[in-house]
Amino acid sequence: MVCCVGAGIVAFFMFFMMRGSCLSAGSASNCHCPTRLLMGFSIFSAILWLLGLLIIVAIILFKRFQASAEGAPDAG
């Protein structure tokens, strides 16, 4: 449990707090290369969350369609 909480805190600081550190300095081009890479990964991870959510919603809607009368396969 402690490891999970610790990993969550580290991920929070790496993905969300780091984004604001260079942006407050003026522009992202003033940051070091590892910081810019981390900021890019942070934006990419936000897109992955959205993509994962859309896939889950699509699966749920497809299962509900299959269970309906219109989507049920013919028995005979």
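What you see is a predicted model, and the numbers here were worked out from it, not measured in a lab. Counting starts from 1 at the beginning of each chain's written sequence and moves along it residue by residue. Restriction of local features to residues with pLDDT of at least 70 applies here, the model being predicted, together with a cutoff of 80 or more for giving and counting side-chain atom pairs; totals for whole chains, interfaces and linings are based on all residues. As a convention, hydrogens and water are excluded, and side-chain values are obtained from all of the structure's heavy atoms.

Trainee: What am I meant to see in the overall build of the protein chain here?
Mentor: Looking only at helices and strands, one finds two helices and zero strands in the protein chain. A total accessible area of about 6300 Å² is found for the protein chain, and carbon and sulfur atoms account for 77% of it. Strands are runs of DSSP state E lasting at least 2 residues, helices are runs of H or I lasting at least 4, and numbering of each runs from the N terminus. For accessible areas, the Shrake-Rupley method is used with a probe of radius 1.4 Å. Any residue's cover is judged against the shown protein chains and nothing else.

Trainee: Would you mind going over a nonpolar patch on the surface with me for this structure?
Mentor: Residues forming no salt bridge and having over 30% relative accessible area are the ones grouped into patches, like charges within 9 Å of each other and nonpolar side chains (Val, Leu, Ile, Met, Phe, Trp, Tyr) within 5 Å. Salt bridges, as used here, are contacts in which a Lys or Arg side-chain nitrogen is within 4 Å of a carboxyl oxygen on Asp or Glu. On the surface, F41, F44, L48, L51, I55 and I59 cluster together into a nonpolar patch covering about 560 Å² of accessible area. Mapped onto the fold, F41 is located in helix 2 (residues 33-67).

Trainee: Honestly, the state of the cysteines in this entry has me stumped. Any pointers?
Mentor: Two cysteines joined by a covalent bond between their sulfur atoms form a disulfide. Pairs of cysteine sulfur atoms within 2.5 Å are what we label disulfides. Inspection of the entire model under this criterion finds zero disulfides. Left unpaired, C3 is separated from the closest cysteine sulfur, that of C4, by 7.0 Å. Exposure remark for C3: the relative accessible area of 68% places this residue in the exposed category. Any residue under 20% of the maximum accessible area for its type is buried, any over 50% is exposed, and the rest in between are partly exposed; the area is computed with a 1.4 Å probe on protein chains only. A relative accessible area of 61% places C4 in the exposed class.

Any link to function would need more than the numbers given here.
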